[in-house]
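# Fold and contact review
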Amino acid sequence: MLRRYDLTAENNIQARRVHTQFQLFRRMLITFVVIIDIGALLWTFNDPRIWHYGSGLLASAGIASLIIATAAKSTASNFFAGLQIAITEPIRIDDVVVVQGEWGRVEEINSAYVIIKIWDLRRLVVPLNYFIENSFQNWTRQSSDILGTAFLYVDYSVPVEDLRKQLEAIVHPSSLWDNRVCGLQVTNLTDRSMELRCLMSSRNSSENFDLRCLVREKMTAWIQQNYPDAFPTTRFTAKSDLTPGQTPEQSEDQRFARLPAEQHDGR
């Protein structure tokens, strides 16, 4: 049945759901089968001594259960968290998530923890109950398509409409774009520059990251070629101390006359 659902397909939401549920339920079923088999095995012996030990074990089960419950609190918590994850599906196999500031894909979900494959091939190990008790980002909860932004900071002299047309000329031919959203807006103004937001959509987060990098590179190169003076600049205004009709030498003499006498020798 698992072979019928291919995780490598582009639209693999149903496949990720089936693989996640099967992995978790399989581990839970194995655990229950082992416990039941051990109990059934003990009840097959007809030796009274074994029955006596079994009765003593049942009598002490109340105290033992308290001790085990205290010692295995985190294990039990992760077990029931895995059951809740399998039913409610906050995460699935191959989901793109952001956990603790790390972007990656859910590589494995077992009975105690989740393995997240980070973009730089590291592995983040997260307890199952983390996904029940804490907030996290799931970028493929319903679908894998996503919107991305690239910000440009330019001088007020740049014509926004020309930049908008150039953005469309860059994004529309690209295979990374999914033909849905492409636009440029002025999102902020400061005393030094305009903030321009380039908004574009892609089929998945990986392609959108590449598209955003492409837009930054191409838009910067286009501005350098067509509006080389359009990048943010710092302007200074020099204030003159000269009075009308006064020469710079006369101004220097007046400044020198105001200095203390002990500083005159250094002129």
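Quick caveat, the model's predicted, so the values are computed rather than measured.

## So, helix H7 (residues 205-226)
Relative to the 32 Å expected for 22 residues at 1.5 Å per residue, H7 spans 31 Å between its end C-alpha atoms, a close match to the ideal helical length. Those residues of H7 that sit buried are Ser205, Asn208, Leu211, Val215, Met219, Trp222 and Ile223. Buried residues along H7 cover an arc of 105° about the axis, so they all sit on one side. Residues of H7 that are exposed and point over 90 degrees away from its buried face: Glu217 and Gln225. A distance of 3.2 Å separates the backbone nitrogen of Ser206 from a side-chain oxygen at the start of H7, and that oxygen is part of Asn204.

## Some words on the packing of aromatic side chains
Throughout the structure, instances matching the rule amount to four aromatic pairs. Taken together, a centroid distance of 5.7 Å and an interplanar angle of 85° make the contact between Tyr130 and Phe131 edge-to-face. Residues Tyr130 and Phe131 agree in their burial class; the two are buried. Taken together, Tyr130, Phe131 and Phe136 form an aromatic cluster joined through their ring pairs.

## A closer look at the packing of helix H6 (residues 160-171) against H7
Helix packing geometry: the angle between the two helix axes and the distance between the axes. Relative to each other, H6 and H7 sit at 135°, their axes nearing to 10 Å. By the angle between their axes, H6 is oblique relative to H7. Crossing handedness for the pair H6 and H7: right-handed. For the pair H6 and H7, contact is made by Asp162, Leu163, Gln166, Leu167, Ile170 and Val171 and by Leu211, Leu214, Val215, Lys218, Met219, Trp222 and Ile223, respectively. Of the residues in the contact of H6 with H7, the class split is 10 nonpolar, one polar and two charged.

## Some points on the sheet that holds strand E8 (residues 194-202)
Taken together, three strands build an open sheet; the order of strands is E6-E8-E7 and the sheet is antiparallel. Two strands lie at the open edges of the sheet, namely strand E6 (146-154) and strand E7 (182-189), each paired on one side alone. This sheet shows a mean twist of 25° between the axes of neighbouring strands, independent of strand direction. Where E6 meets E8, nine bridges bridge the pair, whose relative direction is antiparallel. Opposite Thr149, over in E8, you have Leu199 as the bridge partner. Packing against the sheet, H7 makes contact with E6, E7 and E8, and its axis sits at approximately 20° to E6.

## Let's talk about the sheet that holds strand E4 (residues 123-127)
With respect to topology, five strands assemble into an open sheet ordered E4-E3-E2-E1-E5, the strand pairing being antiparallel. Of all the strands in the sheet, just E4 and strand E5 (137-138) have a single pairing partner and so form its edges. Across five bridges, strand E2 (residues 102-109) lies against strand E3 (residues 113-118) in antiparallel orientation. Paired with Ile109 across the two strands is Val114, which belongs to E3.

## Details of the confidence of the model for the protein chain
Confidence along the protein chain averages 79 in pLDDT terms, with 72% of residues attaining 70 or more. Ignoring residues within four places in sequence, the model shows residues 54-61, a span with pLDDT below 50, making zero contacts including any to other chains.

Conventions and cut-offs
- Residues numbered from 1 in each chain as written.
- Predicted model: local features only at pLDDT ≥ 70, side-chain atom pairs only at ≥ 80, totals over all residues.
- Heavy atoms only, no water.
- Helix = DSSP H or I, 4+ residues; strand = E, 2+ residues; numbered from the N terminus.
- Expected span 1.5 Å × (residues − 1).
- Buried < 20%, exposed > 50% of the residue type's maximum accessible area, 1.4 Å probe, protein only.
- Arc of directions from axis to C-beta.
- Polar contact = N/O pair within 3.5 Å; in protein donor to acceptor, adjacent residues only side chain to side chain.
- Phe/Tyr/Trp six-rings, centres within 6.5 Å; stacked < 30°, edge-to-face > 60°.
- Axes fitted to C-alpha atoms, helices over the stretch in contact; angles between N-to-C directions.
- Parallel < 35°, antiparallel > 145°, perpendicular 65-115°, else oblique.
- Left-handed = near helix turned anticlockwise from the far one by under 90°.
- Contact = heavy atoms within 4.5 Å.
- Nonpolar A, V, L, I, M, F, W, Y, C, P; charged D, E, K, R; others polar.
- Pairing = 2+ DSSP bridges.
- pLDDT = per-residue confidence, 0-100.

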